[in-house]
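Results of the structural survey
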Amino acid sequence: MSGADAATLGESFRATRTLTEALVRPLSDADASLQSMEDASPAKWHLAHTTWFWETFLLRDHAPGYRLWRDEWPFLFNSYYEAEGARMARGQRGMLSRPTLAEVLEWRAAVNDAMTPLLDDPALSGLIALGVAHEQQHIELLLTDIKHALFQNPLGPAIWDGAAPSAAPTAAMGWHQHPGGIALVGHQGDGFAFDNEGPRHRVLIEPFALADRLVTNGEWDGFIADGGYRDARLWLSDGWGWVQAQGIAAPLYWRDDQHFTHQGWQPRDANAPVSHISYYEADAFATWAGRRLPTEFEWEAIAASHNPATGNQLDGAAPPLPQGGQHLFGDCWQFTRSAYLPYPGFRIAEGAVGEYNGKFMSGQVVLRGASCATVRGHSRASYRNFFYPQQRWQFTGLRLAKDV
């Protein structure tokens, strides 16, 4: 690792840590302690867990003489690493009134200082890059989790004041054409990637086209008006069962002609991309529209020629909201029809960090792109996000595909 590379990694570490803390600045201790469901975690827990990650995998193992800030805190803030021992049940994280938000922020500052000597060590660059990417993932989760928590409040409280900006007028849907053939997919190069993005391998793709923009709120209104949530013919069997059992009739956060945002209840913009939909809903809409969802490999084949740093992504501590446009990245994570499975030749990494992705390759679907809550620079063409088909508290949206 060159000196420039080390400096860039150090800058990324500091910028990411600073952004996490800036995002919670408008929150009270009570706000930061809320847990609205088991899928979500309190903002304070995200602050602490990302700090636990640095302390556990970098400072504890690689900083001579480092002592844990509090011996009992790893039990509270380990997420799912079996190799790191016992931990608090995920659904109980909202019970942690102590440590306080101020105490967690004090710990973060101490860990930031202790990390400084390690940032220039080329032998640790891989772990540090993983830690930065890990915290960037938690920045997005922090934003979507606190949104879900405040949505439970009948007052509809806002984190940030002001009116949401209007989206640009919706352009007619165009298409990125692809002739098909043998494509190479998966990460290749010296830059950081998660283990689930490789190895690079060949896939056969039939001729297809991918829409040049996301489906909008206005188009989703048409789906609802046409009885989309009441027509079993449009739905996968599991999806129809989910709709019936949960009484689903619209995307999450919709109410009449409004939707709930980080700025509280706002008028819903028909031109903005629809978001907070499940895989089941995305698939049903595509069927209704006479189209389909792309495979993750089709999406990547188009994305290979696009800049992943473009589009509406997170640049600072500001309210995220889909805005629309013809960028392939940004606004909403895009559902594919691909199951989240290992690539040919995939190997789990040694040690506890090997638990990061591989053990979740069951029952989930792949999403591609980035969202308005994704830190700019975090994603790439080979990036594989994944969620269960019923989950929709993330900024998840829909880009149509069709056979050619």
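Residues numbered from 1 in each chain as written. Predicted model: local features only at pLDDT ≥ 70, side-chain atom pairs only at ≥ 80, totals over all residues. Heavy atoms only, no water.

Now for the pattern of salt bridges. A complete count under the given rule lists 18 salt bridges for this structure. R368 is the partner of E300 in a salt bridge, and the nearest nitrogen-oxygen pair spans 3.0 Å. Remark: R368 occurs in strand 9 (residues 365-369) and E300 occurs in helix 10 (residues 296-303); sequence separation between them is 68 residues. For E300, a relative accessible area of 5% puts it in the buried group. (Salt bridge = Lys/Arg side-chain N within 4 Å of Asp/Glu carboxyl O. Helix = DSSP H or I, 4+ residues; strand = E, 2+ residues; numbered from the N terminus. Buried < 20%, exposed > 50% of the residue type's maximum accessible area, 1.4 Å probe, protein only.)

Further remarks concern the side chain of T20. Tracing the backbone through its elements, the reader meets T20 in helix 1 (residues 3-24). Reaching out from T20, the side chain makes a polar contact with the backbone oxygen of T16 at a distance of 3.0 Å. Here E135 takes part through its side chain, which lies 2.8 Å from a polar atom of the side chain of T20. Filtering out sequence-adjacent residues up to four positions away, T20 remains in contact with L47, R108, E135, I139 and L142. (Polar contact = N/O pair within 3.5 Å; in protein donor to acceptor, adjacent residues only side chain to side chain. Contact = heavy atoms within 4.5 Å.)

Moving on to the side chain of H138. Here H138 shows up in helix 6 (residues 125-151). With a relative accessible area of 11%, H138 lands in the buried category. Every residue in contact with H138, bar those within four places of it in the chain, is listed here: W45, H46, H49 and T50.

With 15 residues, helix 5 (residues 101-115) should cover 21 Å at 1.5 Å per step; its first-to-last C-alpha distance of 21 Å lies within 8% of that length. Among the residues of helix 5, those classed as buried are L101, V104, W107, R108, V111, N112 and M115. For helix 5, the buried positions fall inside an angular range of 140 degrees around the axis, keeping them on one side. In helix 5, the exposed positions angled more than 90 degrees off the buried face are occupied by A102 and D113. (Expected span 1.5 Å × (residues − 1). Arc of directions from axis to C-beta.)

On to the packing of helix 3 (residues 43-62) against helix 6, then. At their nearest, the axes of helix 3 and helix 6 sit 9 Å apart, and the two run at 170 degrees to each other. Judged by the angle between their axes, helix 3 and helix 6 are roughly antiparallel. Between helix 3 and helix 6, the contacting residues are A43, W45, H46, H49, T50, F53, W54, F57, L58 and H62 on the first element and L127, I128, L130, G131, V132, H134, E135, H138, L141, L142 and D145 on the second. Looking at the contact of helix 3 with helix 6 residue by residue, the classes come out as twelve nonpolar, seven polar and two charged. (Axes fitted to C-alpha atoms, helices over the stretch in contact; angles between N-to-C directions. Parallel < 35°, antiparallel > 145°, perpendicular 65-115°, else oblique. Nonpolar A, V, L, I, M, F, W, Y, C, P; charged D, E, K, R; others polar.)

Scope: geometric values only; no functional claims are made or implied.
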